[in-house]
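Letter by letter, the chains look like this.
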Amino acid sequence: LGLRPLDLQARALAIQEASGRTDGLMRPAEWKRLVGRTAFAHHERLVLSEFVAKAHGQHLGQQLLRGTALLGVCFFSASGSHAAGEAGMHAVGALLVGAVTGLGGGTVNNVVVGATPVGWMRDTAFLKAALLAGLLGFYAWPLVERQLGCGGAAAEGVRFGVESAALGALAVVGAQQGIVRGLSPLVS
C-alpha cells in the first residue's frame, strides 16, 4: 500500500485503542477517535507555538529578529535584482527575480515547518521591503558603482559581502522559528 510500518509507540497506541481486540483490526469509530486525538494534539501544539510567538513579538529580542529578517530579505532582494539586471533582464523581470531571491528561502522554510500562510503573506511589510530593495538593487546599485568608480572584482566582493550578511541574518531567524515550533536545534 506504500505505507510505512508503525513505530513501537504508534503500535502500542493503536493496540490500546483497539479495546483489547486481538485480531489486529480496529473499528472505524476507534480509528477516527485515534486520528482525531493525534491531529488535535498536533494542531494544538502549532496554535500554542503561534500564540507564544505573538505574545513575545513585542519584546526587544523579537523586534531585533524581525528587523534582522527584514534586513536579510532586503539584502537578498537587492543582490538578486542587481545580478538579474547585469545578466540583461529588464526591470520587471529583475524585480521578480529579486523578490523571489529575497522571499524564496523563507517561504520554503515556512512551508516545511508548517507555518502557513507564509510570513510575507501574513505581514506584507516583507513583500514591500523586497520589492523596494529590488528596485534599489536594479536602479541605484549600478549608479553607486559608477559614482564610486568600483566595478569588476570590487563589485563582486561587495555583492558577496551583502549576500553573506543576509544569509547569516536569515539563518538565525530560521533557526529561531524552528525552535519555537518544537523542532530540534540541530534540525533548525
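This one's a predicted model, so the numbers in the text were calculated from it and none came from an experiment. (Residues numbered from 1 in each chain as written. Predicted model: local features only at pLDDT ≥ 70, side-chain atom pairs only at ≥ 80, totals over all residues. Heavy atoms only, no water.)

Along its length, the chain carries seven helices and zero strands. For the chain, the succession of helices and strands along the chain, N to C, is α-α-α-α-α-α-α. For the chain, buried positions account for 28% of its 188 residues. Restricting the contact set of the chain to residue pairs at least 6 apart, pairs at least 24 apart contribute 63%. Carbon together with sulfur atoms contributes 70% to the accessible area of the chain, which is approximately 12,200 Å² in total. (Helix = DSSP H or I, 4+ residues; strand = E, 2+ residues; numbered from the N terminus. Buried < 20%, exposed > 50% of the residue type's maximum accessible area, 1.4 Å probe, protein only. Contact = heavy atoms within 4.5 Å. Areas by Shrake-Rupley, 256 points an atom, 1.4 Å probe, with all protein chains shown as cover.)

Turning our attention to the confidence of the model for the chain. When pLDDT is averaged across the chain, the result is 80; 80% of the residues are at 70 or more. At the low end of the mean pLDDT range in the chain sits helix α1 (residues 8-17), at 65; at the high end sits helix α4 (residues 91-113), at 91. (pLDDT = per-residue confidence, 0-100.)

Interaxial distance between helix α3 (residues 60-86) and α4 falls to 7 Å at its minimum, and their mutual angle equals 145 degrees. Between α3 and α4 lies a crossing whose hand is right-handed. Residue-level inspection shows Val73, Phe76, Ser77, Gly80, Ser81, Ala84 and Gly85 of α3 in contact with α4, the latter providing Ala94, Val97, Gly98, Ala99, Thr101, Gly102 and Leu103. Tallied by class, the residues present in the contact of α3 with α4 amount to seven nonpolar, seven polar and no charged. (Axes fitted to C-alpha atoms, helices over the stretch in contact; angles between N-to-C directions. Left-handed = near helix turned anticlockwise from the far one by under 90°. Nonpolar A, V, L, I, M, F, W, Y, C, P; charged D, E, K, R; others polar.)

Turning next to the side chain of asparagine 110. Here asparagine 110 shows up in helix α4. In this structure, asparagine 110 is in contact with Ala115, Val118, Gly119, Arg122 and Gln177, ignoring residues within four places of it in sequence.

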